[in-house]
Amino acid sequence: MVLLENSNAHAHVSSTAHYTQTRPYYYTPPPAKVHHRSIGRSMRTIRSNLFQENNGPVYEDLTDSFVDFNLTELAKKPPVNKSSSDFDFLELSRSFSDFSACSSDISGELERLAHIPISDPGRTSEPEPEPEPCVGFLQRETFSTEIIESIEPEDLQPTVKICVDSLYSPSVAVKRSAAEKLRFLAKNRAENRALIGESGAVPALLPLLRCSGDPYTQEHAVTALLNLSLHEPNKILITNSGAIKSLIYVLKTGTETSKQNAACALLSLALIDENKSSIGSCGAIAPLVVLLINGTNRGKKDALTTLYKLCSVRLNKERAVNAGVVKPLVELVCEEGLGLAEKAMVVLSSLAGIEMGKESIVEEGGIAALVEVIEDGSDKGKEFAVMTLLQLCVDSVRYRELLVREGGIPPLVALSQTGTAKAKHKAETLLAYLREPRQEASTSTP
């Protein structure tokens, strides 16, 4: 077993310090000032009022003399070549194709690289858990990421075994510490994630997800599972262990950080297409919508990204609409400074692929909000906005009329002349629909 002790001040991680973090994994900039678009200004002609398992426990008597590895010597071994895949978590830009802007920074790679401490003044401090006896290795609060990354996985195997076995301890403190150590062991290296997954950690971590009375244990467990899920074979292991419902439980009951990491873990599992329907049918959509509405800026981004991935399945689109996702999406489209408007439009565009999605977008004032983006949004935002409007109007004369009444033609004409190539093409296509004789259009569309 390896004594994991900090060798660098900036890598010091204490459980106390961690609990005050919103997201222990990466730097989140302070929230920018939010500007609400004023619906009704500029080129508006007529306004509608639509907007609105274990081989025997070894956790007893763990003393320092039990440690049989010398970290300094281990660290002198030649460095291990790190896989570039550690920094390519979900390849969201590929997954989202044209919607690469809808992405999420997972497992703290950015914060680790930048060495920037995280703080969130908005998070209320929670009382610390009552300490219990916890001796030896698992008692240590310091943890050196640099030393871990210089040790071969086979040398870490005794440490991993102790941590996994300790997850079955009757002591809450021992289980909490073991989950935390596994969490950090799995943070950055694919080899460690594979080793931990093969050591039986997943089924041992799952019961800790239900520890809503001990939010710290729950948070360590869900984050450990998130990090483990970045290793492809672990996705299947986690899913087959029945983790989906427990992750959804965390999404409903956890701390803000736990909810965010549960959403990201579900996103990681959803990269297997067969899991998307299962995640939706287990009830993930509604708590994701709640996170979108009530979460922090980070939580909203995680919810948006996960919803987008899940909503590639038609039935999940319907579940999202029924859960009331459209109204908060339209509201986010109208907010500047949060970095969420484009991501919200990506999800709206997905929901516009079904009729009930179109109806809900129109009822919640989506046309007016999208016209505003075409007028003064970013280039990428304008592309998303015109794409969604085209989806709404291609088969509906009524929605075309509403678009005209919202003053949509002048900004579309301007976009067709000055927008990006993609935006120009879609604007021209939409303008052609708007110019169709009403009688001809009405005979071919509802």
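Being a predicted model, the structure only gives us computed values, none of them experimental.

**Q** Help me understand the overall build of the protein chain, please; the structure alone is not making it clear to me.
**A** The helix and strand tally for the protein chain stands at 26 helices and two strands. Residues counted as buried form 54% of the 446 residues belonging to the protein chain.

**Q** What am I meant to see in the environment of Val373 here?
**A** Within the secondary structure, Val373 sits in helix H21 (residues 366–376). With a relative accessible area of 2%, Val373 lands in the buried category. Considered as a pair, Val373 and Val333 are 40 residues apart in the sequence and their alpha carbons are 7.8 Å apart.

**Q** Looking at this structure, how should I read the packing of helix H18 (residues 326–333) against helix H19 (residues 341–351)?
**A** Angle between the axes and distance between the axes are the two parameters that describe a pair of packed helices. Following both chains from N to C, one finds H18 and H19 inclined at 140 degrees, their axes separated by 8 Å at the closest point. Considering their axes alone, H18 and H19 lie oblique with respect to each other. For the pair H18 and H19, the sense of crossing is left-handed. For the pair H18 and H19, contact is made by Val326, Leu329, Val330, Leu332 and Val333 and by Ala341, Ala344, Met345, Val347, Leu348 and Leu351, respectively. The residue makeup of the contact of H18 with H19, split by class, is 11 nonpolar, no polar and no charged.

**Q** Would you explain helix H22 (residues 379–393) in this entry?
**A** Note on helix geometry: an α-helix contains 3.6 residues per turn, so any two residues three or four positions apart are oriented the same way. In this model, H22 (15 residues) spans 21 Å end to end at C-alpha, consistent with the 21 Å of a helix rising 1.5 Å per residue. Counting buried positions along H22 gives 12 out of 15 residues, so the element sits mostly inside the fold. All buried positions along H22 are accounted for by Gly381, Lys382, Glu383, Phe384, Ala385, Val386, Met387, Thr388, Leu389, Leu390, Leu392 and Cys393. Contact partners of the buried residues in H22: H19, helix H20 (355–363), H21, helix H23 (397–405), helix H24 (409–418) and helix H25 (421–434).

**Q** Can you walk me through the pattern of salt bridges in this structure?
**A** Enumeration over the complete set of coordinates arrives at nine salt bridges. With a shortest N-O distance of 3.5 Å, Glu318 and Arg314 are connected by a salt bridge. Here Glu318 pairs with Arg314, and both are found in helix H17 (residues 314–322), just four residues apart, close to one helical turn.

**Q** Explain a negative patch on the surface here, please?
**A** Taken together, Glu355, Glu359, Glu363 and Asp395 make up a surface patch of like negative charges. Within the fold, Glu355 resides in helix H20.

**Q** Please clarify how H21 should be interpreted in this entry.
**A** Extensive coverage of H21 is indicated by the burial of 10 of its 11 residues. Every buried residue belonging to H21 is among Gly366, Ile367, Ala368, Ala369, Leu370, Val371, Glu372, Val373, Ile374 and Glu375, and all of these are buried. Contact partners of the buried residues in H21: H18, H19, H20, H22, H23 and H24.

**Q** Help me out: how do you make sense of the packing of H22 against H23 in this one?
**A** Remark: H22 packs on H23, axes separated minimally by 7 Å, with the N-to-C direction vectors making an angle of 135 degrees. In terms of axis orientation, H22 runs oblique to H23. Every residue of H23 that contacts H22 at Leu389, Leu392 and Cys393 is listed here: Tyr399, Arg400 and Leu403.

**Q** How do you make sense of the packing of aromatic side chains when you look at a structure like this?
**A** In this description, an aromatic ring pair is defined by two values, namely the gap between the centres and the angle between the planes. Applying the stated rule across the entire model yields zero aromatic pairs. Positioned above the aromatic ring of Tyr249 is the side chain of Arg210, whose terminal nitrogen or guanidinium carbon lies 4.7 Å from the ring centre.

**Q** What should I look at first to understand the environment of Leu205 in this one?
**A** As for its position among the elements, Leu205 is in helix H9 (residues 201–205). Sequence spacing of Leu205 and Ala224 is 19 residues, and the spatial spacing of their C-alpha atoms is 8.2 Å. Excluding anything up to four places from it in sequence, Leu205 contacts Leu167, Ala179, Ala221, Ala224, Leu225 and Leu228.

**Q** Please explain the side chain of Lys276 as it appears in this structure.
**A** Mapping Lys276 onto the fold places it in helix H14 (residues 273–281). Note on Lys276: relative accessible area 8%, which makes it buried.

**Q** Where do I start with the environment of Gly213 in this structure?
**A** For Gly213, the location among the structural elements is in the loop between H9 and helix H10 (215–229). When the C-alpha atoms of Gly213 and Gly254 are compared, they prove to be 9.6 Å apart, with 41 residues separating the residues in sequence.

**Q** Before we go on, may I ask you to explain the confidence of the model for the protein chain in this structure?
**A** In low-pLDDT regions, the fine details of the predicted coordinates are not to be read closely. Of the residues in the protein chain, 64% have a pLDDT of 70 or more, and the chain-wide mean is 76. Note on residues 439–446: pLDDT under 50 across the span, and 11 contacts to partners over four residues away in sequence or across chains.

Rules of the game
- Residues numbered from 1 in each chain as written.
- Predicted model: local features only at pLDDT ≥ 70, side-chain atom pairs only at ≥ 80, totals over all residues.
- Heavy atoms only, no water.
- Helix = DSSP H or I, 4+ residues; strand = E, 2+ residues; numbered from the N terminus.
- Buried < 20%, exposed > 50% of the residue type's maximum accessible area, 1.4 Å probe, protein only.
- Axes fitted to C-alpha atoms, helices over the stretch in contact; angles between N-to-C directions.
- Parallel < 35°, antiparallel > 145°, perpendicular 65-115°, else oblique.
- Left-handed = near helix turned anticlockwise from the far one by under 90°.
- Contact = heavy atoms within 4.5 Å.
- Nonpolar A, V, L, I, M, F, W, Y, C, P; charged D, E, K, R; others polar.
- Expected span 1.5 Å × (residues − 1).
- Salt bridge = Lys/Arg side-chain N within 4 Å of Asp/Glu carboxyl O.
- Patch = residues over 30% accessible without salt bridge, like charges linked within 9 Å, V, L, I, M, F, W, Y side chains within 5 Å.
- Areas by Shrake-Rupley, 256 points an atom, 1.4 Å probe, with all protein chains shown as cover.
- Lys, Arg positive; Asp, Glu negative; His and termini not counted.
- Charge placed at Lys NZ, Arg CZ, Asp CG, Glu CD.
- Phe/Tyr/Trp six-rings, centres within 6.5 Å; stacked < 30°, edge-to-face > 60°.
- Lys NZ or Arg CZ within 6 Å of the ring centre and 35° of its normal.
- pLDDT = per-residue confidence, 0-100.

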